[in-house]
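Residue-level listing of the chains:
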Amino acid sequence: MDTPQPSEPLSFTVTGHISKTSHEVYEAVADPQQLSAYFTTGGAKGRLESGAEVSWDFHDFPGRFPVQVVQAIQEEKIVLRWAGEGVASEDGLNTVTFEFQPVDEGTRTKVKITEAGWLSTPQGLTGAFGNCEGWTGMLAAMKVWLEHGINLREGFYK
């Protein structure tokens, strides 16, 4: 018996709160120097601005990843597209959306990261679960780096 396929590609969302303003948290993602300090251990090239194509490199995962910036709204949202295995789109790209919501009178920020576009196949599920782990780790690393100046990712994966 065939497994029914969902009518839309699969997605996941991870969230976390960071005790910094939306401006500070947005900049920690958009600014390549800051992103490289806690997440892209091999370096981020290019600021996340609407229409830009940047790249991310990780020492603990081989290769440089091209990232297309679909939309960047200061302190509110960043929408990216990047390649994944087991994705539904014809161009092989998934959509990643970062949303930044001020809470506690602007002293903290709720960060929501959603990645969408996975097929309901073994390959798609493996890719989705792996990236869900990665974005959860990114949120934790960003929180510790912004709040305490500690690079949580250093030596974490290898």
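Throughout what follows, the structure given in this document is the object of discussion. (Residues numbered from 1 in each chain as written. Predicted model: local features only at pLDDT ≥ 70, side-chain atom pairs only at ≥ 80, totals over all residues. Heavy atoms only, no water.)

### A short note on the nonpolar core
Convention followed: Here, nonpolar core means buried Ala, Val, Leu, Ile, Met, Phe, Trp, Tyr and Cys residues that are tied together by side-chain atoms lying within 4.5 Å of each other. Only protein chains enter the accessibility calculation, which uses a 1.4 Å probe. A residue is then buried if its area is under 20% of the maximum for its type, exposed if over 50%, and partly exposed in between. In DSSP terms, a helix is any run of H or I states spanning at least four residues, a strand is any run of E spanning at least two, and both are numbered starting from the N terminus. Contacts are assigned to residue pairs that have any heavy atoms within 4.5 Å of one another.
By size, the foremost hydrophobic cluster in this structure holds 36 residues, and its most contacted members are Tyr 38, Trp 56, Phe 98, Trp 135, Met 138 and Met 142. Among the elements that take part in this core, helix 3 (residues 122-148) stands out by supplying 8 residues, more than any other. The residues touching Tyr 38, leaving out its near neighbours within four places in the chain, are Ala 28, Val 29, Met 138, Ala 141, Met 142, Trp 145, Asn 151 and Arg 153.

### Structural notes on helix 1 (residues 22-30)
The buried fraction of helix 1 amounts to 7 of the 9 residues, a majority that puts the element mostly inside the structure. Buried within helix 1 are the following residues: Ser 22, Val 25, Tyr 26, Glu 27, Ala 28, Val 29 and Ala 30.

### What about the layout of surface pockets?
It is a probe the size of a water molecule, rolled over the atoms, that shows where empty space is left. The condition that has to hold: As defined here, a cavity is a set of points on a 1 Å grid over the protein atoms alone where a 1.4 Å probe fits but cannot get out. A pocket is an open set with protein on both sides within 12 Å along at least five of seven lines, and residues line them when an atom is within 4 Å of a point. Grid points are joined across faces, edges and corners, and a volume is the space filled by probe spheres set on the points. We call Asp, Glu, Lys and Arg charged. Ala, Val, Leu, Ile, Met, Phe, Trp, Tyr, Cys and Pro are nonpolar, and the rest, Gly among them, are polar.
One number sums up the size of the largest pocket: a volume of about 590 Å³. Forming the walls of the largest pocket are 20 residues, and the residues nearest its centre are Phe 61, Phe 65, Trp 82, Gly 130 and Asn 131. Among the elements that line the lining of the largest pocket, the one with the most residues is helix 3, at 8 residues. Of the residues in the lining of the largest pocket, the class split is 10 nonpolar, 7 polar and 3 charged.

### Concerning the sheet that holds strand 7 (residues 108-118)
For the record, the criterion: We call two strands paired when DSSP finds no fewer than two bridges between them. Simply put, an axis is a line fit to the C-alpha atoms, just over the touching stretch for a helix, and the angle between two N-to-C directions goes from 0 to 180 degrees.
In space, the 7 strands of this open sheet follow the order 1-7-6-5-4-3-2, with antiparallel pairing throughout. Unpaired on one side and paired on the other, strand 1 (10-18) and strand 2 (43-45) mark the two borders of the sheet. Averaged over all adjacent pairs, the angle separating strand axes in this sheet is 20°, with direction ignored. Alignment of strand 5 (residues 77-83) against strand 6 (residues 93-103), held across 7 bridges, turns out to be antiparallel.

### Notes on the pattern of salt bridges
What counts is decided by this rule: When a carboxyl oxygen of Asp or Glu lies within 4 Å of a side-chain nitrogen of Lys or Arg, that pair is called a salt bridge.
Inspection of the entire model under this criterion finds 7 salt bridges. Residue Lys 112 is joined to Glu 99 by a salt bridge in which the shortest nitrogen-to-oxygen separation is 3.8 Å. Of the two residues, Lys 112 sits in strand 7 while Glu 99 sits in strand 6, which places them 13 residues apart along the sequence. By relative accessible area, Glu 99 is classed as partly exposed at 30%. Of the charged contacts, one joins Glu 147 and Lys 143 as a salt bridge, the two residues approaching to 2.8 Å between their closest N and O atoms. Placement of the pair is Glu 147 and Lys 143 together in helix 3, with a separation of 4 residues, close to one helical turn.

### Remarks on the packing of helix 1 against helix 3
Going by this rule: Small angles under 35 degrees read as roughly parallel and large ones over 145 as roughly antiparallel, with 65 to 115 read as roughly perpendicular and the rest as oblique. Throughout, a crossing is termed right-handed when the near helix is turned clockwise from the far one, and left-handed when it is turned anticlockwise from it by less than a right angle.
Two elements in contact, helix 1 and helix 3, have axes separated by 11 Å at closest approach and are oriented at 120°. Regarding the angle of helix 1 to helix 3, the classification is oblique. Here helix 1 runs over helix 3; the crossing is right-handed. Counting all contacts with helix 1, which are made through Glu 24, Val 25, Ala 28 and Val 29, the residues of helix 3 involved are Met 138, Met 142, Trp 145 and Leu 146. Class assignment for the residues of the contact of helix 1 with helix 3 results in 7 nonpolar, no polar and 1 charged.

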